[in-house]
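Residue-level listing of the chains:
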Amino acid sequence: MSIATQFRWKRAINSLRFFHEEYDLVKDVAKSAGPEFQKYYEKFCAEHDIDIAELNAKHIDRVKDAYGVKDEEDLGRVQDKEMQTRDELLDACDTMIARFQGKTEEERPPIDKEVHETFERLFKAIAVHVHPDKAKDEKTRILFEQKFKDAKNALDSQKYFTLLEMAEELDIELPKNYNEQITWMEAEGKRLRTQIQQHMQTYNYLFADCESDVNRDHLIRSFLKQLFDLDVPQKNT
């Protein structure tokens, strides 16, 4: 491997690791902010004499589209207060702005068969070293079991950089098809970067980024305008 190829390969690995970590972080932030967004939204509406149930009923088609459901029964289920900490509700809220803007979760493109087979072979080589059945005592068995799960998860989730790291730790020879790996990792990094940008434009994430009630009020006004075409005037103080 030339020095230039080695540099591109290592940079592609580092970039892909970063994008995966950033993607997980942004999704976690948005998901954690979901219940707080809903709570603040209800508080804002109460303070401004806005009847949420009446708004939902008046604009039922837009609300169903926003939550990604087909009928009112499903809508009632995901809006139920008891569901506010459930992933189903948080994911529904988190996709609202994307749906309004005509955006959808970008599907992962079909992976290059050669690249995937390369890492399947690498996984098998790792599994030979860390399979729990090879452990000589209970402590080692637990360690091997976790490493085996981590390797399998890395293969299934296409976090191939984890397999490369594990292989280096175990002194396993790394696959040599560097150019194919670089091409796939750069394309995957681009896809993840787009997903990160989309999640950072969701109302849940934007709410988490608000530093004051003034910012939160402005965000809720934007939300009401976008979902219901409702202009909420500033309250006189």
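Residues numbered from 1 in each chain as written. Predicted model: local features only at pLDDT ≥ 70, side-chain atom pairs only at ≥ 80, totals over all residues. Heavy atoms only, no water.

Chemist: Just to check I follow, could you spell out the packing of aromatic side chains for this structure?
Modeler: Centre-to-centre distance and the angle between the planes together describe a pair of aromatic rings. A full pass over the atoms with the stated rule returns twelve aromatic pairs. A ring pair is formed by Trp-9 and Tyr-178, whose centres lie 5.1 Å apart and whose planes are at 75 degrees; its orientation type is edge-to-face. Remark: Tyr-178 occurs in helix α10 (residues 178-199) and Trp-9 occurs in helix α1 (residues 3-47); sequence separation between them is 169 residues. Ring centres of Phe-37 and Tyr-41 lie 6.4 Å apart, and the angle between their planes is 5 degrees; this geometry places the pair in the stacked category. Here Phe-37 and its partner Tyr-41 are both found in helix α1, four residues apart, which amounts to about one turn of the helix. For Tyr-41, a relative accessible area of 5% puts it in the buried group. An aromatic cluster is defined as three or more aromatic residues linked by ring pairs; in this entry it consists of Phe-37, Tyr-40, Tyr-41, Tyr-203, Phe-207 and Phe-223. (Phe/Tyr/Trp six-rings, centres within 6.5 Å; stacked < 30°, edge-to-face > 60°. Helix = DSSP H or I, 4+ residues; strand = E, 2+ residues; numbered from the N terminus. Buried < 20%, exposed > 50% of the residue type's maximum accessible area, 1.4 Å probe, protein only.)

Chemist: Help me understand helix α9 (residues 160-169) in this model?
Modeler: A turn of α-helix holds 3.6 residues, and therefore any two residues three or four places apart point the same way. For α9, the tally of buried residues reaches seven of ten residues, placing the bulk of the element in the interior. Those residues of α9 that fall on the buried side of the exposure criterion are Tyr-160, Phe-161, Thr-162, Leu-163, Leu-164, Met-166 and Ala-167. Elements that come into contact with the buried residues of α9 comprise α1, α7 (113-130), α8 (138-156) and α10. With its phi angle positive at about 60 degrees, Asp-171 sits one or two positions after the end of α9. (Contact = heavy atoms within 4.5 Å.)

Chemist: Please explain the packing of α1 against helix α12 (residues 213-228) as it appears in this structure.
Modeler: When two helices pack together, their arrangement is given by the angle between the helix axes and the distance between those axes. Contact geometry for α1 and α12: axes closest at 10 Å, N-to-C directions at 85 degrees. With respect to α12, the axis of α1 lies roughly perpendicular. For the pair formed by α1 and α12, the contact residues are Phe-37, Tyr-40, Tyr-41, Phe-44 and Cys-45 on the first element and Asp-213, Arg-216, Asp-217, Leu-219, Ile-220, Arg-221, Phe-223, Leu-224 and Phe-228 on the second. In terms of residue class, the contact of α1 with α12 is built from ten nonpolar, no polar and four charged. (Axes fitted to C-alpha atoms, helices over the stretch in contact; angles between N-to-C directions. Parallel < 35°, antiparallel > 145°, perpendicular 65-115°, else oblique. Nonpolar A, V, L, I, M, F, W, Y, C, P; charged D, E, K, R; others polar.)

Chemist: Would you take a moment to explain the environment of Asp-133 for this structure?
Modeler: Checked against the element boundaries, Asp-133 lands in the loop between α7 and α8. The exposure class assigned to Asp-133 is exposed, which follows from its relative accessible area of 68%. Sequence spacing of Asp-133 and Glu-145 is twelve residues, and the spatial spacing of their C-alpha atoms is 8.9 Å.

Chemist: Is there a simple way to explain the packing of α7 against α10 in this structure?
Modeler: Packing of α7 against α10 brings their axes to within 10 Å, and their N-to-C directions diverge by 110 degrees. Comparing their axes, α10 and α7 come out roughly perpendicular. Residues Glu-114, Val-115 and Phe-119 of α7 form the contact with α10, whose participating residues are Glu-180, Gln-181 and Trp-184. Split by residue class, the contact of α7 with α10 holds three nonpolar, one polar and two charged.

Chemist: Whenever I open this one, the confidence of the model for the protein confuses me. Can you help?
Modeler: Note that predicted coordinates carrying low pLDDT should not be read in detail. Of the residues in the protein, 79% have a pLDDT of 70 or more, and the chain-wide mean is 83. With pLDDT under 50 throughout, residues 81-90 is counted as low confidence; its partners more than four residues away or in other chains account for 21 contacts. Predicted confidence is poor over residues 97-104, with pLDDT under 50, and the contacts of this stretch with residues over four places away or in other chains come to 14 contacts. (pLDDT = per-residue confidence, 0-100.)

Chemist: Please explain a negative patch on the surface as it appears in this structure.
Modeler: A cluster of acidic residues, Asp-112, Glu-114, Glu-117, Glu-120 and Glu-180, forms a negative patch on the protein surface. For the negative patch, the element with the highest residue contribution is α7, accounting for three residues. Checked against the element boundaries, Glu-120 lands in helix α7. (Patch = residues over 30% accessible without salt bridge, like charges linked within 9 Å, V, L, I, M, F, W, Y side chains within 5 Å. Areas by Shrake-Rupley, 256 points an atom, 1.4 Å probe, with all protein chains shown as cover. Salt bridge = Lys/Arg side-chain N within 4 Å of Asp/Glu carboxyl O. Lys, Arg positive; Asp, Glu negative; His and termini not counted. Charge placed at Lys NZ, Arg CZ, Asp CG, Glu CD.)

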